[in-house]
Amino acid sequence: MFCVNASFLMIYSYVGIYMKTLGMSMGWIGVVEGLVEASSYLMKLFSGMISDYLRRRKPVVVLGYTFIVISRVIFSLAGSVAPLVVARLLERIGNGIQSTPRDTLVADVSPPNRIGASYGLKRTLSQAGSLVGALVGIGAMFWAGGNFETVFRIATIPAFIAFLILIFFVHDPKKLTHSAISAEIPLPAQKKRSALLFSNLPELGLPFWLLMLITGIFMLSRFSETFLALYAYDNFGLESTYAPLIMLTFNAGWCLSSYPVGVFADRMNRYWFLAMGILFLILADLCLASATSLTWVYVGCFFWGVQYGVTQNIFLSLIAEMVPSHLRGTGFGCYYVICAMSAYCADHLTGLLSQHYGQPTAFSTSGIIAIVSLFALVIITGYRSKWRL
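Residues numbered from 1 in each chain as written. Predicted model: local features only at pLDDT ≥ 70, side-chain atom pairs only at ≥ 80, totals over all residues. Heavy atoms only, no water.

## Focus: the overall build of the protein
Inference 1: A count of helices and strands for the protein gives 13 helices and zero strands.
Inference 2: In sequence order, the protein lays out its α and β elements as α-α-α-α-α-α-α-α-α-α-α-α-α.
Inference 3: Here the protein holds 389 residues, and 57% of them are scored as buried.
Inference 4: Counted over contacts in the protein with a minimum sequence separation of 6, partners at least 24 positions apart contribute 83%.
Inference 5: Working note: accessible area of the protein is about 16,400 Å², and carbon and sulfur atoms make up 70% of it. (Helix = DSSP H or I, 4+ residues; strand = E, 2+ residues; numbered from the N terminus. Buried < 20%, exposed > 50% of the residue type's maximum accessible area, 1.4 Å probe, protein only. Contact = heavy atoms within 4.5 Å. Areas by Shrake-Rupley, 256 points an atom, 1.4 Å probe, with all protein chains shown as cover.)

See the structure below:
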């Protein structure tokens, strides 16, 4: 995780700006970002189902890492928009393929009484990799004299190291004796997974579908972080060399909020924490839409990261709690499909608004959609309270 995240951030911080310098419009950048994020969500669904069927995690994770390494090579050779788009798509497909079985493999190889610590270590290494990737990216850009392809070639090194570590040092346990609910992608502890059939959908229950309504609306307001770096670059004169600082600020907000929220949400009403996360997104949009200096952009990016830390696990934890255990696979499948559709629409809409009306308008629209999702959450929470009575 450390090496992969370091490699990812070195590329992700610059790829949007690089596409822009090659003449790609904001509208088309939105289309690309929506497509790749939707692909990642869908791959998370199918890779988890396949790894459960095989009862082995490593082969699926290796397949995902293979896509990631190939994408890094294409990035390093890309001198035009077309190979950049292909590399971006392969990278997110690979990330989606390896994500769910990787998180499950953590549970499979961890002692039952150390699963929480194992996921905590994984998150710590992930964020540490992001920090190092941002700093190395800035140093590499200085050393390369502003040459994006050279930075992408350097980013290939940690990705290949991660691939070799996976091949030679990571193994499936001989026997799967336990499973766990991941801090990021909860999975049921069961040997058989119910198929994703339309006949199962009503059994998920009304509370689940009300939560999916909130999910669909909220995810429409949350677009790719590529637009954050582009916003600072286009409107506030952020030099492309320092673009990783945007992602570093975003990841800092995510890292600082994830663990405390997880601890307190286990003891309190998760719906209120979900409302808190939406409020942080609204606050981030307000800071970004009205920003008059780069300082306010960094503040907005920090709050954008905080809302990730607050909402990311809450949605998944709520699904794990409210869906019958034999239908959790179906429940998470529906969640990922809804996220995929909303992610594509959000990025496409953001690209079009940024191109035709300016990026502040895109942030304002995001804030309005987030407010709608907050009202929906308040109404549904009130309904649930009366329904229980």
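## Considering a nonpolar patch on the surface
Inference 1: Judged by side-chain polarity, Ile157, Phe160, Ile161, Leu164, Ile165, Phe168 and Phe169 come together as a nonpolar surface patch covering roughly 710 Å² of accessible area.
Inference 2: Relative to the helices and strands, Phe160 resides in helix H6 (residues 148-169). (Patch = residues over 30% accessible without salt bridge, like charges linked within 9 Å, V, L, I, M, F, W, Y side chains within 5 Å. Salt bridge = Lys/Arg side-chain N within 4 Å of Asp/Glu carboxyl O.)

## Description of the confidence of the model for the protein
Close inspection of predicted coordinates is inappropriate for parts of the model with low pLDDT.
Inference 1: The share of residues in the protein with pLDDT of 70 or more is 82%, and the mean pLDDT across the chain is 82.
Inference 2: Per-residue pLDDT, averaged within each element of the protein, yields its smallest value for helix H5 (residues 115-143) (76) and its largest for helix H10 (residues 270-289) (93).
Inference 3: Scored below 50 in pLDDT, residues 177-191 shows 46 contacts in the model against residues more than four places distant or in partner chains. (pLDDT = per-residue confidence, 0-100.)

## Digging into the nonpolar core
Inference 1: Tyr14, Leu84, Phe152, Val297, Trp304, Ile319 and Tyr335 are the most contacted members of the largest nonpolar core, which has 91 residues in total.
Inference 2: Considering each element in turn, this core owes the most residues, 13 residues, to helix H11 (residues 294-322). (Core = buried A, V, L, I, M, F, W, Y, C linked by side-chain atoms within 4.5 Å.)

## Observations regarding helix H1 (residues 2-21)
Inference 1: For H1, with 20 residues, the first-to-last C-alpha span of 29 Å sits near the 28 Å given by 1.5 Å per residue.
Inference 2: A maximum bend of about 40 degrees is found in H1 at Val15.
Inference 3: Of all 20 residues in H1, 16 are buried, a share of seventy percent or more.
Inference 4: Gly23 sits one or two residues past H1 and shows a positive phi near 100 degrees. (Expected span 1.5 Å × (residues − 1). Bend = angle between axes of the 7 residues up to and from the residue.)

## Focus: the packing of helix H3 (residues 58-77) against H6
Inference 1: Contact geometry for H3 and H6: axes closest at 8 Å, N-to-C directions at 160 degrees. By the angle class used here, H3 and H6 are roughly antiparallel. Here H3 runs over H6; the crossing is left-handed. Counting all contacts with H3, which are made through Lys58, Val61, Val62, Tyr65, Thr66, Val69, Arg72, Val73, Phe75 and Ser76, the residues of H6 involved are Glu149, Phe152, Arg153, Ala155, Thr156, Ala159, Phe160, Ala162, Phe163, Leu166 and Ile167. (Axes fitted to C-alpha atoms, helices over the stretch in contact; angles between N-to-C directions. Parallel < 35°, antiparallel > 145°, perpendicular 65-115°, else oblique. Left-handed = near helix turned anticlockwise from the far one by under 90°.)

## Comments concerning the pattern of salt bridges
Inference 1: In total, this model carries seven salt bridges according to the counting rule given.
Inference 2: Here Asp234 and Lys20 are joined by a salt bridge, their closest N and O atoms 2.8 Å apart. Taken together, the positions of Asp234 in helix H8 (residues 226-235) and Lys20 in helix H1 put the pair 214 residues apart, joining distant regions of the chain.
Inference 3: Residue Arg92 is joined to Glu91 by a salt bridge in which the shortest nitrogen-to-oxygen separation is 3.5 Å. In terms of burial, Arg92 and Glu91 fall into one category: buried.
Inference 4: Taken together, the shared-partner salt bridges in this structure form one network comprising Glu33, Glu37, Arg72, Arg88, Glu91 and Arg92.

## Points about the packing of aromatic side chains
Inference 1: Overall, the coordinates contain 21 aromatic pairs when judged by the stated rule.
Inference 2: The residue whose ring lies beneath Arg222 is Tyr308, and the NZ or CZ to ring-centre distance is 4.0 Å. (Phe/Tyr/Trp six-rings, centres within 6.5 Å; stacked < 30°, edge-to-face > 60°. Lys NZ or Arg CZ within 6 Å of the ring centre and 35° of its normal.)

## Brief notes about the side chain of Asn5
Inference 1: Within the secondary structure layout, Asn5 lies in helix H1.
Inference 2: Among the polar contacts listed, one links the side chain of Asn5 to the side chain of Ser130, at a separation of 3.4 Å. (Polar contact = N/O pair within 3.5 Å; in protein donor to acceptor, adjacent residues only side chain to side chain.)

## A look at the side chain of Ser354
Inference 1: Looking at the element boundaries, Ser354 is found in helix H12 (residues 328-357).
Inference 2: Looking at Ser354, its side chain comes within polar contact range of the main-chain oxygen of Thr350, at 2.8 Å.
Inference 3: When neighbours within four sequence positions are excluded, Ser354 is seen to be in contact with Met26, Gln359 and Ala362.

## Some details on the packing of H8 against H11
Inference 1: In contact at an axis separation of 10 Å, H8 and H11 are set at 175 degrees when each is read in the N-to-C sense. Viewed along their axes, H8 and H11 adopt a mutual orientation that is roughly antiparallel. Residues Leu228, Tyr231 and Ala232 of H8 pack against Leu294, Val297, Cys301 and Trp304 of H11.
Inference 2: A breakdown of the residues in the contact of H8 with H11 according to their chemical character gives seven nonpolar, no polar and no charged. (Nonpolar A, V, L, I, M, F, W, Y, C, P; charged D, E, K, R; others polar.)

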